[in-house]
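Notes for the structure review
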Amino acid sequence: MESFYKSVLEQDEAAVVLCDLNHTIVYMNPAAASRYAGSGGYDLLGKSLLDCHNAGSNEMIRKIVDWFKESTDHNKVYTFYNEKENKDVYMIALRDDDKNLIGYYERHMYRNRETGMLYDL
């Protein structure tokens, strides 16, 4: 079953970076490795996400993780609108089967309308 989940992430065109509760980058999909190639791409695996952000952003990341820990109902926070790329950015809690917090990731939701034709095989 794990290969199904990994396949979903690998095919996502948005960057996906998964972090554990120590803020260690444990997974990057190909889109993330490409997007962050100038910062090291896949070489960022095993490194702290906090090293990639400024002090203000790190403070907010820590606050959000603490909020995730407060309740299993705390799972999504809107963090940013990127006007240049026309997307909303969210921080999402990752939880195990018992709903324990195990990490987090940033979700990019693009607002651009699809330009392809329906069912264009």
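What counts as what
Residues numbered from 1 in each chain as written. Predicted model: local features only at pLDDT ≥ 70, side-chain atom pairs only at ≥ 80, totals over all residues. Heavy atoms only, no water. 1 Å grid on protein atoms, 1.4 Å probe; cavity = no way out; pocket = protein on both sides within 12 Å on 5 of 7 lines; lining within 4 Å. Points joined across faces, edges and corners; volume = space filled by probe spheres on them. Helix = DSSP H or I, 4+ residues; strand = E, 2+ residues; numbered from the N terminus. Nonpolar A, V, L, I, M, F, W, Y, C, P; charged D, E, K, R; others polar. Phe/Tyr/Trp six-rings, centres within 6.5 Å; stacked < 30°, edge-to-face > 60°. Buried < 20%, exposed > 50% of the residue type's maximum accessible area, 1.4 Å probe, protein only. Lys NZ or Arg CZ within 6 Å of the ring centre and 35° of its normal. Pairing = 2+ DSSP bridges. Axes fitted to C-alpha atoms, helices over the stretch in contact; angles between N-to-C directions. Core = buried A, V, L, I, M, F, W, Y, C linked by side-chain atoms within 4.5 Å.

Turning next to the layout of surface pockets. The space that makes up the largest pocket amounts to roughly 670 Å³. Elements that contribute at least two residues to the lining of the largest pocket include exactly β1 (17-20), β2 (25-28), α3 (55-70), β3 (76-82), β4 (87-95) and β5 (101-110). Classifying every residue of the lining of the largest pocket gives 21 nonpolar, 6 polar and 3 charged. Estimates place the volume of the second largest pocket at around 470 Å³. If you trace the second largest pocket, you find 16 residues lining it, with Y5, K6, L9, L18 and L94 closest to the centre. Counting residues per element, the ones that place at least two in the lining of the second largest pocket are α1 (2-11), β4 and β5.

Per the stated rule, a full pass over the model turns up 2 aromatic pairs. Measuring from ring centre to ring centre gives 5.9 Å for W67 and F68, while their planes differ by 50°; the resulting arrangement is tilted. Overall, F68 belongs to the buried group, its relative accessible area being 0%. On the numbers, 5.4 Å between centres and 55° between planes, the contact of Y78 with Y90 is tilted. Residue Y78 is located in strand β3, and its partner Y90 is located in strand β4; the two are separated by 12 residues in the primary sequence. Under the relative-accessibility criterion, Y78 is labelled partly exposed at 46%. Between K76 and the ring centre of Y90, over which it is positioned, the NZ or CZ distance is 4.4 Å.

The strands that make up a sheet are held in pairs by hydrogen bonds between backbone atoms, and each pair lies either parallel or antiparallel. Pairing is antiparallel across the open sheet formed by 5 strands, whose spatial order is β2-β1-β5-β4-β3. The outermost strands of the open sheet, each flanked by one partner alone, are β2 and β3. For this sheet, the mean inter-axis angle between neighbouring strands, taken without regard to orientation, is 20°. Bridge count for β1 against β2 is 3 bridges, and the pairing is antiparallel. Across the sheet, the residue bridging to V17 is M28, located in β2.

This brings us to the nonpolar core. Within the largest apolar cluster, 18 residues are counted, with the highest numbers of intra-cluster contacts made by I25, F68, M91 and Y104. The set of elements that each furnish at least two residues to this core consists of β1, β2, α3, β4 and β5. Per-element tally for this core: the top contributor is α3, with 4 residues. Judged by nonpolar contacts, the second largest core, of 6 residues, contains V16, L18, Y90 and I92.

On to the pairing of β3. In this sheet, β4 lies alongside β3 in antiparallel orientation, the contact comprising 6 bridges. Each bridged residue has a counterpart across the sheet, and for N82 the counterpart in β4 is K87. In sequence, β3 turns back onto β4 through a hairpin of 4 residues, with N86 there showing a positive phi of about 50°.

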